[in-house]
Amino acid sequence: MFNWKSIYSYLDNGTPAPPRKVERSEEEWKEILTPAQFRVMRMKGTERPHTGGLCSFYEAGRYACVGCDTELFDSNLKFDSGTGWPSFSEPVADNVIQYELDTTYGRRIEVLCNVCEAHLGHVFPDGPEPSGVRFCINSESLKFVE
Ligand SMILES: [Zn+2]
């Protein structure tokens, strides 16, 4: 069962290998991504809360990485955390997410796409049951797939 312990285990040992890897140069990413997407995904920026287009969006479908089209989250596990960022309690598969310790502002766990290593957001241990996990993800990093 996926829970907070799973994340610590993946932080220490790495997540299972992704289905593929996508690598591009900084110049190539700048051509593909909008400036706002580039700032979040390649420079680890954070969009301002309540500004992202997917924050209050609850259609049925999946959310894929803007950088590589890998499906990361499902609308079934999206919830309103009140934080102003799209929030999910589990990824669609354990091998699509990479975790890194981020000590920029205290001690947080950064969430990255395991395929193209784009910054997605952070993960916290205060989500709803059964996982108890909250993925706090920037709208700029995600695109909705019906
Ligand atoms: Zn990606």
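Refer to the structure presented above.
Residues numbered from 1 in each chain as written. Predicted model: local features only at pLDDT ≥ 70, side-chain atom pairs only at ≥ 80, totals over all residues. Heavy atoms only, no water.

Give me the overall build of the chain: which residues, what numbers.
On a plain count of helices and strands, the chain comes out with three helices and nine strands. Each helix and strand of the chain, placed in order from N terminus to C terminus, yields the pattern α-α-α-β-β-β-β-β-β-β-β-β. On C-alpha atoms alone, the chain measures out to a radius of gyration of 14 Å, which is about the 15 Å that the 2.2 N^0.38 rule sets for 146 residues. If you line up the chain on its principal axes, its C-alpha atoms span 40 × 35 × 30 Å. Expressed as a percentage of the 146 residues in the chain, the buried residues total 47%. Taking the intrachain contacts of the chain between residues at least 6 apart in sequence as the baseline, contacts between residues at least 24 apart amount to 59%. Of the roughly 7600 Å² of accessible surface on the chain, a fraction of 48% belongs to carbon and sulfur atoms. If you average the places of the 15 positive and of the 22 negative side-chain charges in the chain, the two averages end up 3 Å apart. (Helix = DSSP H or I, 4+ residues; strand = E, 2+ residues; numbered from the N terminus. Rg over C-alpha atoms; globule rule 2.2 N^0.38 Å. Buried < 20%, exposed > 50% of the residue type's maximum accessible area, 1.4 Å probe, protein only. Contact = heavy atoms within 4.5 Å. Areas by Shrake-Rupley, 256 points an atom, 1.4 Å probe, with all protein chains shown as cover. Lys, Arg positive; Asp, Glu negative; His and termini not counted. Charge placed at Lys NZ, Arg CZ, Asp CG, Glu CD.)

Residue-level account of the packing of aromatic side chains, with values.
If you walk through the whole model with that rule in mind, you get nine aromatic pairs. On the numbers, 6.0 Å between centres and 25° between planes, the contact of Phe-2 with Phe-135 is stacked. Remark: Phe-135 occurs in strand β8 (residues 134-137) and Phe-2 occurs in the segment before α1 (4-13); sequence separation between them is 133 residues. Of the two residues, Phe-2 and Phe-135, neither departs from the other in class, the shared state being buried. Geometrically, the ring pair formed by Tyr-63 and Phe-88 is edge-to-face, given 5.2 Å between the ring centres and 65° between the ring planes. One end of the pair, Tyr-63, is in strand β1 (residues 62-65); the other, Phe-88, is in strand β4 (residues 87-88), and 25 residues separate them in sequence. Taking the relative accessible area as the measure of exposure, Tyr-63 reaches 0% and is therefore buried. On the accessibility criterion, Phe-88 (0% relative accessible area) is buried. An aromatic cluster of three or more residues is present, and its members are Phe-2, Tyr-10, Phe-57, Tyr-63, Phe-73, Phe-88, Tyr-99, Phe-135 and Phe-144. Arg-24 extends its terminal NZ or CZ atom over the ring of Trp-29, reaching a point 5.1 Å from the ring centre. One cation-aromatic arrangement involves Lys-78 over Tyr-58; the distance from NZ or CZ to the ring centre is 4.2 Å. (Phe/Tyr/Trp six-rings, centres within 6.5 Å; stacked < 30°, edge-to-face > 60°. Lys NZ or Arg CZ within 6 Å of the ring centre and 35° of its normal.)

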